[in-house]
Each structure stands twice: as structure tokens, then as C-alpha cells.
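The chain contents come next:
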Amino acid sequence: MTNKTIQLEGMTCPTCVMKIEKLLKKTKGVQESEVLYNSGRVKVSFDENTVSVDDISAAIEQLGYRVVSVK
Amino acid sequence: MFKLSKKQIVWITGILALIALILNKVVYRDLEAYATVSIGIMILGTIIAGYNIFKTAFVGLRYGVIGIDLLVSIAAIGAVIIGEYWEAQAVTFLFTFGDYLESLTLEKTRDSIRSLMDLAPDIARIRRNGEELEISPDEVIYGDLVIIKPGEKIAVDGDVIEGSAYVNQAAITGESMPVSRDPGEEVFSGTIVESGYLVVKAEKVGEDTTFARILHMVEEAQDKKASSQKFLEKFAAWYTPAIILLSIVVGLISRDIRLALTLLVVSCPGALVISTPISYVAAIGNGAKNGVLVKGGEIMEKLGRVKAIAFDKTGTLTEGKPGVSRVKTFDMDENEFLRIAAIGESYSEHPLGSAIIREAEERVGKITETPAEAHMLIGHGLAFTYEGIEYFIGNRKLLDDQNIDYSSHEEYLNAEEELGQTAVIMASEDKVNGIISIADTIRPEANQLVADLHAQNVKHIVMLTGDNRRAAQAVADELGLDGHYSELLPEDKVSALTELSAEYGEVAMVGDGINDAPALASADLGIAIGAAGADVAMETADVVLMSNDIGRLSYAMGLSRATANNVKQNVIFAIIVVLVLLLGVLVQSVNMSLGMLVHEGSVLLVILNAMRLLNYGRKDKRQKPEAVKVG
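Residues numbered from 1 in each chain as written. Chains lettered and ligands numbered in written order. Predicted model: local features only at pLDDT ≥ 70, side-chain atom pairs only at ≥ 80, totals over all residues. Heavy atoms only, no water.

Colleague: Quick one: what's the story with the nonpolar core, residue by residue and with numbers?
Modeller: Ranked by internal contacts, the top residues of the largest apolar core, which has 134 residues, are Met11, Ile20, Val42 and Ile60 of chain A together with Phe311 of chain B. In contact with valine 42 of chain A, not counting residues within four places along its chain, are Lys4, Thr5, Ile6, Leu8, Met11, Ile20, Leu24, Glu34, Val35 and Ile60 of chain A. Among the nonpolar cores identified, the runner-up in size contains 23 residues, and Ile340, Ile367, Leu382 and Phe384 of chain B belong to it. (Core = buried A, V, L, I, M, F, W, Y, C linked by side-chain atoms within 4.5 Å. Buried < 20%, exposed > 50% of the residue type's maximum accessible area, 1.4 Å probe, protein only. Contact = heavy atoms within 4.5 Å.)

Structure representation (C-alpha cells):
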């Protein structure tokens, strides 16, 4: 299981949180996720054999947010 | 389809909107031929600005989330269908523009923590097997020798083993005045060597350093949702679909699609939902920069509400080490008296002796002379010879033994002891030269703090201590406290707190976090001071003052109240805006574009208002605790 924190830009409304959370819930390989509105970050833990952090970032970007950094 | 940045979209659609506005309001009236061109431009503007809104609304729907973008999409498409092209263009442009400005200002607020992260060290110079290497701080291991030169950042927590330097610890304590660090003293990762050089033995590295833990805690604190925030988010989740339903109902009843669409636009709950978290983020960021770590928005608000504060004595209100509090001499200059006493004491290693030497050195400079002859009289003091005169320095027993008469000073000695002082007497040639009163000295900023807290309307300030009643009374009187509890065991402190909170409601406990951990944990609000490096204190306390400067408590109190006010202003403002807009729609004086303009404007205002907290207490916070400003 890999843990990453993704810093986003453009998370303006708190409904963004729900959107990203539900997206991640439906993403295969993502075990757990937490979207933090206040700091604009997403914490995910996922199975690297099923999904990569780049896939996850790309899926989030598709929702209209910019991924600033991943660590 | 479009690979345009938000900024480009704002510019393009802004220009299109301007052209459409001119064509509509100025030219169109005269030249019918422009109608097609004008409509074309308006539709183009709607599509460019709306593309991303439609897309996110659609993606959101796929995941079962109904957000504000869906409301805007329905309104824009609806407006095009009923031929209100201008409204469609204006609404999508204003929404995009507002969203762009919001993300700019929001990132600025969120940056308050990212600017902290920038203080993290990125390189460490270490010495392994006699060789100097530059490596990443993450690769340093426990026990490595880290070398830091002027202008460089310390990359580990550890003890100085070589060299001496002035270190700027602002990253940890918020204190920009550099402190001197010599062998045996502790330094922290993230702090900067301003002058001198140090060799530090790494004790904590990477994620374990105090700096990394502070960062982590600030992040956690900013993301901790206050109950009001949870409520607002839940509210938003139900509110948006409810508004869609309401609009459909209104549309069906009134048969006025325009009214229904306008209702959709103005009811977006943006400002309300954003109002609380954004103020907290700004306030916590401000605190962290000033060496005050507040663990979450809820605590940020709670701190300002506290009506009673209990302080630990030793190490919190006092320095925790003995210092000279008074000197009385008889036929001798005070400084000369202290200088001679210090020369004698340079022979002893007694803590009272070091207090005398510190005081003398502060007054007359470094003491380098040593007594010609000296010997300890254990339990009594010491005898020494300086410039041919024999001196005795110590307690009453010493003078009794030497048959020196001090009966005329008995009254003064008793009075000093009544004040919790330890009296040290020096005598020569059969007569008393002077008396030095020594006690655990009160922190210089403690007096001001108590006055400030009283001014900030904290009703009851007390002290809890394990010390005897006399010493406690003396400190409580000096500081003007409202009460004190003395001779307490650690568990007694907990019951004293229970007693206080029964009488005054929420009570805050302030302590150094080492021997006060149970009290800090059991208080409604635990505040640890000087906690840099003290892991347990940092973990258990709700509020952490990184430095020893206890005066910061008053600043934290002010920040807390400013935050509570800020949140209140934002919430009330957001509710009023929604109500006024709704009313405006019902009396048909607000159309879709005006509604969107006001709505986006209100969200921006809320963010800008919260951003004021980033600057709270920036000027002159030491002299002027902002008690007055709050209210």
C-alpha cells in the first residue's frame, strides 16, 4: 500500500471535496482517501500494482483541478 | 476541446462580453443587421466560459454530486433556450471570473502554511570518517556530525558539540532575535546560523525533527473540521438539490422560466460554506508564523472564550532557576559588594553562587579575578580572602559560627524570607556588608501578561504550584494574580482545575508540559509553553507556545477573538446576501447576471475578510496586545 499527498489548486468550493472523494472511491486500487478542503490537499493510499499516482492525479485533473505537487 | 488556462478563458470571455455589451446597448438599437453577429458573439462567449462549467457539472453528476456548477449550467442553458443570450453569457463569464479570483485569493491564504514549508532545510553538510559531504537532510542518520556555517540552515535537531554561533530560531519559535548557542546546548532543524559556526550531533532527523512535527501539526490543525464547518458542508450537500427542486416548483407555479433560473443562480451557497474554514486557515497560519500552534479551528475559537486561566509557577511564570531579586548593602557600594561576592562564589559551584555571579556580571562585566584563598563550609557557605581581607558568605549558621553579630538585620532577613526569598549574607571584619535575596525570578514578561489578560477580560487568573505557601503568595502578589493554590501534588492540580471550571466554565491551564502533562491534558484547554523539542507537551497541549516568551499568550488570545469575530462577520454577511438576493428575485428586481455578480462578489469579500487574519498583530504585538481592537 502506498501513501501519497497530492496538493491541488483550484479547490474553491467545498462541494469539490465530495466530487473528488466520490471519484476516488470509484477508482480501482484506491484503498482510502481523504480530501482536505482547508489546505487544498488530497491524501490517498492505494495499491501500486493496480493504479499509479499519475493515474490518480490525471483523474483529479479531469475534474478541473490542477495538481501542484505530489509527495 | 479547449486547452486554455483559467486566466486565458477569463480574458477571452471578458472581451467577448464587453463586445456583446457594446453591440447590445449602443449599436444594436440602430442597426438591426448586427443582431445575428451579436447573438453569435454571446453564444460563443457562453460556450467558451461555460465549457469547463458544463464539464465539471457533468462529471460531478456522474459521481452523484450536485454542485454549484450544475446550478450555473442549468441556468445558462436555460437562458439560451428562452433567448436570453446576454444573461447566459454574463452568468457564465461572471462565474468563471469569480472562480478565478477566488482560487487566486484562496491559494494566497493557503500559502500561509506553504511559506512555512519553504523554511525546511534542503541540504546538510556532514562529517563522516573525517570527510565532509553534502547530502539531503533525509539521508542524515542519528549520530552524524552536521557542520553549519554562517547563513546556513540547520538540518537536524541535536546538541552543539563544537563551535558557537548566533542562531535565528524564527522558524520554530517565531522569535526573530537570534539566540547564542554554545557546546552542550540544543539547536533545531529549520533554524539559521547567522554568525559563527556549529558542529551538531544529530539526535533527530527528517520527519522526527521538531520542525517537521510542527509542520505536520499545523497541517492537521488546518484540516481539522470544526463542528460548524461539518454542519455547513452537510447543509450545502442538501441545500443545492433542494434549490433545484424549489426552482422547478416555482417555475411550474409561476410559469416564469426566467424567475426559476434566476432563483437557481442566486441561491448558490458559496459564501456561507466557505466563511468558516477560510478564516480558520488564515488564523492558524498566522499563529504558526508567530510561534503559536493552535490545534484546529474549534480550539482557535475556544481560546478567546476562556474566562479563567491557571498557570503553573515554576518554569512558566518564573524562570525556573534562581536569580538575584534584591541586594541590600551597609556602607558599601552595591556593585562593588556584588563583585566581591561573585569573586568568592567563583570558587563554589552552588546554584545560589551562580545566581550571584550572573547578577554581578550583568552589572559590572565578566568576573575574571579569583580569591587568594577560599574554602567551603558545607551547609553554611564559604570563606575567602580577597585583597587581604577575609570574607564570609553564606547563611545565618555561618555567621553564628564566626560569632558575627547580625541581630540588627534580623527583621530584614525575616521579611525577605516571608517573601519567599533565600537570603545570602556576606560579612567581613566582624560586620555584615550586605544581604543578597535570591529566588526563582519571575519572567520579565509575566507582569505585563497578567495585566494584558485582565485587560482582555479574563476574569480569574490563578497559579497552581507544588511550592510552599510563602513562595506562592510572594509570586501571586507580585504579579497581581486573582488567587493561588500551593503545595499541590500533580493530581491536586487536576482537582483544582475541576474546581475552577465548576465556577468559571471553561478553564485553560498553562504549563511547561513536562511535569504538568496530566493537568494540561485534563484542562478544558491545555497550553504548553517553551515546547520546542518537548514532544509530549507538543502532542498533549491544545495550544503550543513554541518559545519561552509567555507574553505570546495574550497575542494568541487576541488572535482567537479576532478569528471568532471574523467568522461571525462572514457568516452573517453571507446569510444577509442570500436573503437580500432572494427577496430581490421575488420582487423581480434582480436578474440572473446581477444575481451572479452579487453572489461572486460576496464570496470574494468573505475570502478577503478572512485574509485580514493573516496580518493580525503584525505591527508592535509585544507592546500592544490587541485586546482593544477585538470587540
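Once the structure has been displayed, the description carries forward.
Colleague: Can you lay out the sheet that holds strand 1 (residues 2-9) of chain A for me, pointing to particular residues and giving the numbers?
Modeller: Paired through backbone hydrogen bonds, the strands of a sheet run either parallel or antiparallel to each other. Residue and element names in this part refer to chain A. The sheet built from four strands is open, its strands ordered 2-3-1-4 with antiparallel pairing. The open sheet has two edge strands with one neighbour each: strand 2 (30-36) and strand 4 (66-70). The average undirected angle you get between the axes of adjacent strands in this sheet is 25°. Across four bridges, strand 1 lies against strand 4 in antiparallel orientation. (Pairing = 2+ DSSP bridges. Helix = DSSP H or I, 4+ residues; strand = E, 2+ residues; numbered from the N terminus. Axes fitted to C-alpha atoms, helices over the stretch in contact; angles between N-to-C directions.)

Colleague: An account of empty space enclosed by the protein is requested, with residue identities and associated values reported.
Modeller: Residues and elements named next belong to chain B. Inspection of every chain in the model, using the stated rule, returns three cavities of 30 Å³ or more. There is about 60 Å³ of room inside the largest cavity. In terms of lining, the largest cavity is formed by Leu116, Ala171, Ile172, Phe211, Ile214, Leu215, Ala288, Gly291, Val292, Leu293 and Met546. Sorting the residues of the lining of the largest cavity by element identifies helix 5 (170-173), helix 6 (210-223) and strand 8 (292-294) as the ones contributing at least two each. In terms of residues, the lining of the largest cavity owes the most to one element, helix 6, which gives three residues. Classifying every residue of the lining of the largest cavity gives ten nonpolar, one polar and no charged. (1 Å grid on protein atoms, 1.4 Å probe; cavity = no way out; pocket = protein on both sides within 12 Å on 5 of 7 lines; lining within 4 Å. Points joined across faces, edges and corners; volume = space filled by probe spheres on them. Nonpolar A, V, L, I, M, F, W, Y, C, P; charged D, E, K, R; others polar.)

Colleague: How would you explain the domain arrangement of chain B if you had to name every residue and give the values?
Modeller: Each domain of chain B was delimited in the assignment, giving domain 1 (141-204) and domain 2 (319-442). Computed over C-alpha atoms only, the centres of domain 1 of chain B and domain 2 of chain B are separated by 36 Å. (Domains from an automatic or database assignment.)

Colleague: Talk me through the interface of chain A and chain B; I want residue IDs and the actual numbers.
Modeller: The extent of an interface is frequently quoted as the accessible surface area lost upon association of the parts. Listed by partner, the interface residues are 25 residues for chain A and 33 residues for chain B. In this assembly, chain A packs against chain B so that about 2500 Å² is buried in total across both faces, 53% of it on carbon and sulfur atoms. Scanning the region where chain A abuts chain B turns up two salt bridges. A salt bridge links glutamate 220 of chain B to lysine 43 of chain A; the nearest nitrogen and oxygen atoms lie 3.2 Å apart. For the pair chain A and chain B, the interface holds three residue pairs in polar contact (both at pLDDT 80 or more). At the level of elements, strand 1, helix 1 (15-25) and strand 3 (41-46) of chain A are the ones that each hand at least two residues to the side of chain A that touches chain B. With five residues, helix 1 of chain A is the single largest residue contributor to the side of chain A that touches chain B. A breakdown of the residues in the side of chain A that touches chain B according to their chemical character gives nine nonpolar, nine polar and seven charged. (Buried area = accessible area lost by both parts, 1.4 Å probe. Salt bridge = Lys/Arg side-chain N within 4 Å of Asp/Glu carboxyl O. Polar contact = N/O pair within 3.5 Å; in protein donor to acceptor, adjacent residues only side chain to side chain.)

Colleague: An account of the packing of helix 10 (residues 297-305) of chain B against helix 21 (residues 552-586) of chain B is requested, with residue identities and associated values reported.
Modeller: Residue and element names in this part refer to chain B. The contact between helix 10 and helix 21 brings their axes to 7 Å, and the two run at 115°. In this view, helix 10 runs roughly perpendicular relative to helix 21, as classed from their interaxial angle. Helix 10 and helix 21 meet at a crossing whose hand is left-handed. The residues of helix 21 that touch helix 10, namely those facing Met300, Glu301, Leu303 and Gly304, are Ala556, Met557, Leu559, Ser560, Arg561, Thr563, Ala564 and Val567. Per-class residue counts for the contact of helix 10 with helix 21 are seven nonpolar, three polar and two charged. (Parallel < 35°, antiparallel > 145°, perpendicular 65-115°, else oblique. Left-handed = near helix turned anticlockwise from the far one by under 90°.)

Colleague: Summarise the pattern of salt bridges; cite the residues concerned and give the values.
Modeller: Any two side chains of opposite charge can pair, on the condition that their charged atoms come close. Residues and elements named next belong to chain B. Within the structure shown, the criterion is met by 22 salt bridges over all chains. As a salt-bridge pair, aspartate 312 and lysine 493 come within 3.1 Å of each other at their nearest N and O atoms. Residue aspartate 312 is located in strand 9 (residues 308-312), and its partner lysine 493 is located in helix 18 (residues 490-504); the two are separated by 181 residues in the primary sequence. Its relative accessible area of 5% is what places aspartate 312 among the buried residues. Look at lysine 493 and you get buried, because its relative accessible area is 8%. Between arginine 552 and aspartate 549 there is a salt bridge whose closest N-O contact spans 3.8 Å. Take arginine 552: its relative accessible area is 5%, and that puts it in the buried class. Residue aspartate 549 is classed as buried on the basis of its relative accessible area of 7%.

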